[in-house]
Amino acid sequence: MSNSFYSEILSLIGVKLLTREEAIHAYGADTGASERMPSGAIVIKEADAVKEVIALANHYKVPLWPISGGRNFGYGTSLPVDSQSFIVDLSHLKRVYIDTNSATALIEPGVTQADLHAAIKKSGMNLLVPTTGVGPNGNILGNALDGGYGLTPIADHFNAICELEGYWGNGTEFRHSYQDLGCPEMAKRWSAGTGHSWAGLLRQGSLGIVTKARVQLARAPEATRILVFEWKSHDAFIESQPQLNMLTEDIPGIGGIIMMNDRRILSTQVDTPLVSPLRGEARAEFLQQLATERKISPWTGLGTLYGSRASVAGAVRDIRRRLKHCRVWSFSPEQIRSLQKLQDYLPSWGFSALRRHFGALVNTLGTVEGYPIVAFLKIAYALDPTAKKLDVNSHPAKDGAGILWYAPLVPFTAGEVNRYAEVMSECLLAHGFDPLLAVTSRSSRTLSGTIPLLFNRQDPADVVRAKTCYSALVKVGLEHGWPPYRLGTDYMDLIACPADSPSAQVQRLLKKALDENNIIASGRYEHAKPVEQLTSTETITPIEEVVPSEIKPGITVDAEHSLSFDYAKLLNAAFIEQSPARIKGNSHVVNAFDKQKASTAANTHSTINTVPEKETL
Ligand SMILES: Cc1cc2nc3c(=O)[nH]c(=O)nc-3n(C[C@H](O)[C@H](O)[C@H](O)COP(=O)(O)OP(=O)(O)OC[C@H]3O[C@@H](n4cnc5c(N)ncnc54)[C@H](O)[C@@H]3O)c2cc1C
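Residues numbered from 1 in each chain as written. Predicted model: local features only at pLDDT ≥ 70, side-chain atom pairs only at ≥ 80, totals over all residues.

**Student:** Help me get a handle on the overall build of the chain, residues and values and all.
**Tutor:** In terms of regular secondary structure, the chain is built from 18 helices and 17 strands. The buried share among the 617 residues of the chain stands at 46%. Here the analysis covers contacts within the chain between residues at least 6 apart in sequence; of these, 74% occur between residues at least 24 apart. (Helix = DSSP H or I, 4+ residues; strand = E, 2+ residues; numbered from the N terminus. Buried ≥ 20, exposed ≤ 12 C-beta atoms within 10 Å, placed from the backbone. Contact = placed C-beta atoms within 7 Å.)

This is the structure in structure tokens:
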């Protein structure tokens, strides 16, 4: 890499270049305490600059890590897999246009749930924002490109995208083929196009940068219902699985159902009961007692129903008839709003059933009606009794919260759900974590598990415990046939297929064809691809030699202190280190990855050995 890359980027119109230190300050905070600090950042202020940035990155072979919102909490936040990367921040590109005819939104990468909600309101249409637990500042495009999901009718957010525009790594432009055929109206309505479809290459891909997308928005239906399911025992919950599974297939308009155990419900409560210093048996007893006192059932489910008044009413009756061993509550949004008003007047005794679901109901209201709310972020602050009240600016990574999301896919069958609950609880407890379990129906065949690992990011030992547990969960999950649908940037190599596998070969061919210089999202969901170690001849020229900086010398990061290398510290320190020590610091980050990779390579191999033999036809 030469100095010319920096000076040429600086000469571009519509971009702002950040030094490594400035980039660490702006993007270095990660809820998972990742150490993968970027080499710098390029903030895009004008969409046209993206093409030029890609051209320069190709010329100088500089890896880029595009982000749209950078709020990938639990999965690496804004940080790249490869520490040599420059973050390309697209969050300032915020144009949004609602097409009322096709009920779609044409968005730039920076558009958030709140931006989309405001644009829909302005358009006068009654359309639903594809909401997630991140709330109003959650990004629409970034979430979809990482395969995120929610509970609104189009639950899988990538599936809601019908058009993508941008550039492959080699600079070639992409857009929907119907645009090239002169049939733009159908591009809004038929994402697959005719002939081969490449859009899927951008889902969790590392081949291109998306600069524009069109999102299909669900129309608000005539009627919606919020369903609450309560199981009085774990066995009853397991027995319900086949019936639930059939419901998701038979009942029109049923959305995702999220089913949470009592510990998971406790983790969202305002008095932060998980803060308890108790450990082991005593902790388990305490949480159990709390769940009993608060009348939290062993498993509680939350679901949504959308449709015409008649079909929704019929569906509620049908669900109640078919679900055995399960109490089913059904509320319309109007009922919840009335209850909200009534709540203050309810006597302090009685109405326990209503009270125990009240918070969840009010929170779910936003999701069902497609407007974003902050309440679901609460779980990230479950270990912090001093956390300020959540608002749209709440940023768990910058607020110092420690959370990693483990999110495996599990077959939607009674036996597998039971095994999943057992295996995961055992692994979590062995590492000193509460089993905060939830599974969400993604289809009639598949459930998506989510397990938050909550830890103290300011405590190096706790960070190690969380990272070790995360790797163990991925390993154990794979051994049982449950691959994570999504992974944090520190853990991508745990699911890499062997270098000679068909998957790895196809990925290499695609990379060669579309991003030959490997400049896009190096290491992201990459099969058998370790991040290359810096060799002595490949040192990075410090950016400050080209870009004058006011920043003064400060602390030094060395291997010994690697675990305490955290954003909070960096904010207090003016500077990390001067060159050439900085080069050492950067390679330290790479080395940390390599060490981890070496230890996990063994795990990956043992995993591969345990995969059962292929089914034969
Ligand atoms: C309490 C809590 C609740 C959460 N709830 C949910 C939930 O309900 N559902 C859910 O899905 N997630 C959830 N998350 C996880 C995560 O925070 C969200 O998925 C969030 O939307 C991802 O961040 P982002 O949208 O800013 O995406 P970004 O960080 O911008 O993007 C994610 C990744 O996509 C790629 N990418 C982004 N933009 C581009 C582009 N223009 N071109 C090419 N590649 C790109 C990059 O690799 C990037 O790292 C939750 C997290 C927490 C802490």
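**Student:** Give me the lowdown on the site of the ligand, citing residues and values where you can.
**Tutor:** The environment of the ligand is made up of 34 residues, and the closest members are Gly69, Gly133, Asn139, Gly142 and Gly148. For the shell around the ligand, the elements supplying multiple residues, two or more each, are strand 3 (64–67), helix 5 (140–145) and strand 9 (208–216). Considering each element in turn, the shell around the ligand owes the most residues, 4 residues, to helix 5. Classifying every residue of the shell around the ligand by side-chain character gives 18 nonpolar, 13 polar and 3 charged. (Near = placed C-beta within 6 Å. Nonpolar A, V, L, I, M, F, W, Y, C, P; charged D, E, K, R; others polar.)

**Student:** Lay out the nonpolar core in plain terms, naming residues and giving numbers.
**Tutor:** Core analysis: the biggest nonpolar cluster contains 82 residues, and Ile403, Tyr406, Leu453 and Tyr470 have the highest contact counts within it. Those residues in contact with Ile403 that lie beyond four places of it in its chain are Thr31, Phe73, Gly74, Ala380, Pro396, Pro452, Leu453 and Leu454. In this structure, Leu64, Leu93, Ala119 and Leu128 belong to the second largest nonpolar core, which totals 63 residues. (Core = buried A, V, L, I, M, F, W, Y, C linked by C-beta atoms within 7 Å.)

**Student:** Explain the pairing of strand 15 (residues 438–441) residue by residue, including any values.
**Tutor:** Burial along strand 15 is two-sided: the residues Ala438 and Thr440 and Val439 and Ser441 are all buried. Alignment of strand 11 (residues 258–261) against strand 15, held across 3 bridges, turns out to be antiparallel. The residue bridging Met260 from the neighbouring strand is Ala438, located in strand 15. Looking at chain direction, strand 15 and strand 16 (residues 446–456) are connected through 4 bridges and run antiparallel. Paired with Thr440 across the two strands is Ser448, which belongs to strand 16. Linking strand 15 back to strand 16 in an antiparallel pair, the connection comprises 4 residues. (Pairing = 2+ DSSP bridges.)

**Student:** Please give an account of the environment of Asp115 that cites residues and values.
**Tutor:** Assignment of secondary structure puts Asp115 in helix 4 (residues 113–123). On the basis of neighbour counts, which here come to 22 C-beta atoms within 10 Å, the residue Asp115 falls in the buried class. The residues touching Asp115, leaving out its near neighbours within four places in the chain, are Lys94 and Val96.

**Student:** Which residues make up the packing of helix 1 (residues 3–10) against helix 3 (residues 49–60), and what values do they have?
**Tutor:** Contact pair helix 1 / helix 3: the axes reach a minimum separation of 10 Å and the direction vectors enclose 170°. With respect to helix 3, the element helix 1 is oriented roughly antiparallel. Where helix 1 approaches helix 3, its residues Ser4, Phe5, Glu8 and Ile9 are matched on the opposing element by Val53, Leu56 and Tyr60. Grouping the amino acids of the contact of helix 1 with helix 3 by side-chain chemistry returns 5 nonpolar, 1 polar and 1 charged. (Axes fitted to C-alpha atoms, helices over the stretch in contact; angles between N-to-C directions. Parallel < 35°, antiparallel > 145°, perpendicular 65-115°, else oblique.)

**Student:** Explain the sheet that holds strand 10 (residues 223–231) to me, and be specific about the residues and the numbers.
**Tutor:** Reading across from one edge, 13-10-12-11-15-16-14-17 is the order of the 8 strands in this open sheet, with antiparallel pairing throughout. The strands lining the two open edges of the sheet, one partner per strand, are strand 13 (327–331) and strand 17 (484–486). Between one strand axis and the next, the sheet turns by 25° as a mean value, whatever way the strands run. Taken together, the 4 bridges between strand 11 and strand 12 (residues 299–307) define a ladder with antiparallel strand orientation. For Met259, the partnering residue across the bridge sits in strand 12 and is Gly301. Packed on one face of the sheet, helix 14 (residues 414–430) meets strand 14 (401–411), strand 15 and strand 16 and runs near 150° to strand 14. Against the sheet, helix 15 (residues 460–479) engages strand 14, strand 16 and strand 17, with an angle of about 165° to strand 16.

**Student:** Please provide a residue-by-residue account of the sheet that holds strand 2 (residues 40–44), values included.
**Tutor:** Strands sit in the order 1-2-4-3 across an open sheet of 4 strands; the sheet is mixed. With one partner strand each, in any of the chains shown, strand 1 (15–18) and strand 3 form the two edges of the open sheet. Here the strands of the sheet are splayed against their neighbours by 20° on average, with no regard to which way each runs. With 4 bridges joining them, strand 2 and strand 4 (residues 86–89) adopt parallel strand pairing. For Val43, the partnering residue across the bridge sits in strand 4 and is Asp89. Along the sheet face, helix 2 (residues 20–27) touches strand 1, strand 2 and strand 4 and points at about 70° away from the line of strand 2. Sheet contacts for helix 3: strand 1, strand 2, strand 3 and strand 4; angle to strand 2, the most-contacted strand, approximately 150°.

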